[in-house]
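One letter stands for each residue in the lines below.
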Amino acid sequence: MSKKTELENAMKDALRAGDTERKNTLRLVLTAIKEAEVRDQSEMDDDGVLGILQKQVKSRRETIADAEKAGRPDLIDGAESEIAILEDYLPKQMSDEELAALVDEAIAQTGASSPADMGKVMGALMPKVQGRADGGKISQTVKAKLQGG
């Protein structure tokens, strides 16, 4: 079953169960998927759906940061619960050790030796970690390794 179908079925289940928060969160994700499909004029594959899920999680993390600055705990609670719902549909996140090992492997594969080679390393690494690690965390790890950290 495709990731999109899984999300659609989960939304229907939430609707039947009266779980308004899950239904609304999944509806927003499905709307974003539909908008991307219309824009690209093609059916979205699982990788594309995972990308949208990650963007939705990232957006909510930014909302939490902004809400903390503004002193709005009500917004923080809502965003945290939406992140928990979205993470149910993302692959299990890899550990720091797993990520570091893949970064080392990508550096060796590309022959990278300085921070100027970061683009090559990221290009080799991203297909292997897509959906399993935060982009900022990946970037930080690559940068640290290339700077000798």
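For the structure, check the block above.
First things first, this report covers the structure right here in the doc.

A word on the overall build of the protein chain
Looking only at helices and strands, one finds seven helices and zero strands in the protein chain. In the protein chain, the succession of helices and strands from N to C terminus is α-α-α-α-α-α-α. Dimensions of the protein chain, computed from the C-alpha atoms along their principal axes, are close to 55 × 40 × 25 Å. Looking at the protein chain as a whole, 36% of its 149 residues are labelled buried. In the protein chain, 60% of the contacts between residues at least 6 apart in sequence involve partners at least 24 apart. Carbon and sulfur atoms make up 50% of the accessible area of the protein chain, which amounts to about 8,700 Å² in all.

Some points on the environment of Lys-3
Within the secondary structure layout, Lys-3 lies in helix 1 (residues 3-17). Judged by its relative accessible area of 17%, Lys-3 falls in the buried class. Spatially, the C-alpha atom of Lys-3 lies 8.1 Å from that of Asp-45, the residues being 42 residues apart in sequence. Sequence-distant contacts of Lys-3, defined by excluding residues within four places in its chain, comprise Asp-46, Val-49, Leu-50 and Tyr-89. Polar side-chain contacts of Lys-3 include one of 2.8 Å to the backbone oxygen of Tyr-89.

Quick word on the side chain of Lys-4
Structurally, the position occupied by Lys-4 is in helix 1. For Lys-4, a relative accessible area of 12% translates into the label buried. At 3.3 Å, the side chain of Lys-4 forms a polar contact with the side chain of Glu-43. Contact partners of Lys-4, with chain neighbours within four places excluded, come to Leu-30, Ile-33, Glu-37, Glu-43, Asp-46 and Val-49.

What to know about the environment of Ala-100
Here Ala-100 shows up in helix 5 (residues 96-110). You can call Ala-100 buried: its relative accessible area is 18%. C-alpha separation for the pair Ala-100 and Val-142, spaced 42 residues apart in sequence, amounts to 8.2 Å. Excluding residues that lie within four positions of it along the chain, Ala-100 makes contacts with Thr-141 and Lys-145.

Regarding the pattern of salt bridges
A complete count under the given rule lists 14 salt bridges for this structure. Put simply, Lys-3 and Glu-6 hold a salt bridge, and the shortest N to O gap is 3.4 Å. Pair noted here: Lys-3 and Glu-6 are both in helix 1, with a separation of three residues, about one helical turn. Connected via shared salt-bridge partners are Lys-4, Glu-37 and Glu-43.

Observations concerning the side chain of Thr-141
With respect to the helices, strands and loops of the structure, Thr-141 is situated in helix 7 (residues 135-146). Looking at Thr-141, the relative accessible area reads 18%, which means it is buried. In terms of polar contacts, Thr-141 uses its side chain to reach the backbone carbonyl oxygen of Lys-137, at 2.8 Å. Beyond its immediate chain neighbours, meaning those up to four positions away, Thr-141 contacts Leu-99, Ala-100 and Val-103.

Rules and cut-offs
- Residues numbered from 1 in each chain as written.
- Predicted model: local features only at pLDDT ≥ 70, side-chain atom pairs only at ≥ 80, totals over all residues.
- Heavy atoms only, no water.
- Helix = DSSP H or I, 4+ residues; strand = E, 2+ residues; numbered from the N terminus.
- Buried < 20%, exposed > 50% of the residue type's maximum accessible area, 1.4 Å probe, protein only.
- Contact = heavy atoms within 4.5 Å.
- Areas by Shrake-Rupley, 256 points an atom, 1.4 Å probe, with all protein chains shown as cover.
- Polar contact = N/O pair within 3.5 Å; in protein donor to acceptor, adjacent residues only side chain to side chain.
- Salt bridge = Lys/Arg side-chain N within 4 Å of Asp/Glu carboxyl O.

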